[in-house]
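Here's the letter readout for the chains.
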Amino acid sequence: MELTQSVRREPTLRRPVIALSSLFATVLIGEYLLMEFVIGVSDGVTTLPAWLPQFSMVGKTVVYYALFFDFLKFIAIPLTLVWLGYAFGRYRTANSNSRN
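Values in this document were obtained by computation on a predicted structure and should not be read as measured data.

K.L.:
I'd like a description of the overall build of the chain, backed by residues and values.
P.N.:
Scanning the chain for helices and strands turns up three helices and zero strands. Secondary structure elements of the chain occur, N-terminal to C-terminal, as α-α-α. Counting over 100 residues, the chain shows a buried share of 18%.

K.L.:
Residues and numbers for helix H2 (residues 14-43), please.
P.N.:
Taking 1.5 Å of rise per residue, 30 residues should cover 44 Å, and H2 covers 43 Å from first to last C-alpha, within 8% of that figure. Along H2, the residues classified as buried are Pro16, Leu20, Leu23, Val27, Gly30, Leu34, Phe37 and Gly40. Positive phi shows up at Gly44, right after H2, with a value of about 80°.

K.L.:
Account for the packing of aromatic side chains, with residues named and values stated.
P.N.:
Enumeration over the complete set of coordinates arrives at two aromatic pairs. For the ring pair Phe55 and Tyr64, a centre distance of 4.5 Å and an interplane angle of 70° mean the geometry is edge-to-face. Residue class for Tyr64 comes out partly exposed when judged on its relative accessible area of 39%.

K.L.:
Would you mind going over the side chain of Thr61 in detail, with residue names and values included?
P.N.:
Structurally, Thr61 can be placed in helix H3 (residues 58-99). A polar contact is formed between the side chain of Thr61 and the backbone oxygen of Met57, at a distance of 2.9 Å. Setting aside anything within four residues of it in sequence, one finds Thr61 in contact with Leu48, Pro53, Gln54 and Phe55.

K.L.:
Tell me about the environment of Ala94, residues and numbers included.
P.N.:
Note on placement: Ala94 falls in helix H3. The class for Ala94 is partly exposed, based on a relative accessible area of 29%. It is 7.2 Å that separates the C-alpha atoms of Ala94 and Pro11, two residues lying 83 residues apart in sequence.

Conventions adopted
- Residues numbered from 1 in each chain as written.
- Predicted model: local features only at pLDDT ≥ 70, side-chain atom pairs only at ≥ 80, totals over all residues.
- Heavy atoms only, no water.
- Helix = DSSP H or I, 4+ residues; strand = E, 2+ residues; numbered from the N terminus.
- Buried < 20%, exposed > 50% of the residue type's maximum accessible area, 1.4 Å probe, protein only.
- Expected span 1.5 Å × (residues − 1).
- Phe/Tyr/Trp six-rings, centres within 6.5 Å; stacked < 30°, edge-to-face > 60°.
- Polar contact = N/O pair within 3.5 Å; in protein donor to acceptor, adjacent residues only side chain to side chain.
- Contact = heavy atoms within 4.5 Å.

Right, here's the structure in full:
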């Protein structure tokens with residue numbers, strides 16, 4: 001019980017940094033794969049894997065995935081950066097109080 005309370009009370013940067021780096025990796029890799037898929041479909045070479053959710057048409061599928069990556073870029077990543085800034089402020093405040 002004391003361990004979970006100390007984890008909640010002690011400010012750390014680990015969670016926001018992990019969330020931010022995973023979002024960046026998801027956007028970078030996902031947009032690259034989406035671009036490769038669009039190029040492959042236009043050449044008639046590739047199709048989406050069966051395990052990946054697909055919609056009625058290829059264009060509709062590409063638009064939905066592009067919208068998802070735009071959501072991550074313009075909403076989720078900025079919110080995570082705000083979270084990181086807040087966590088950094090708490091971390092700095094806790095460390096400056098412990099030095100005094």
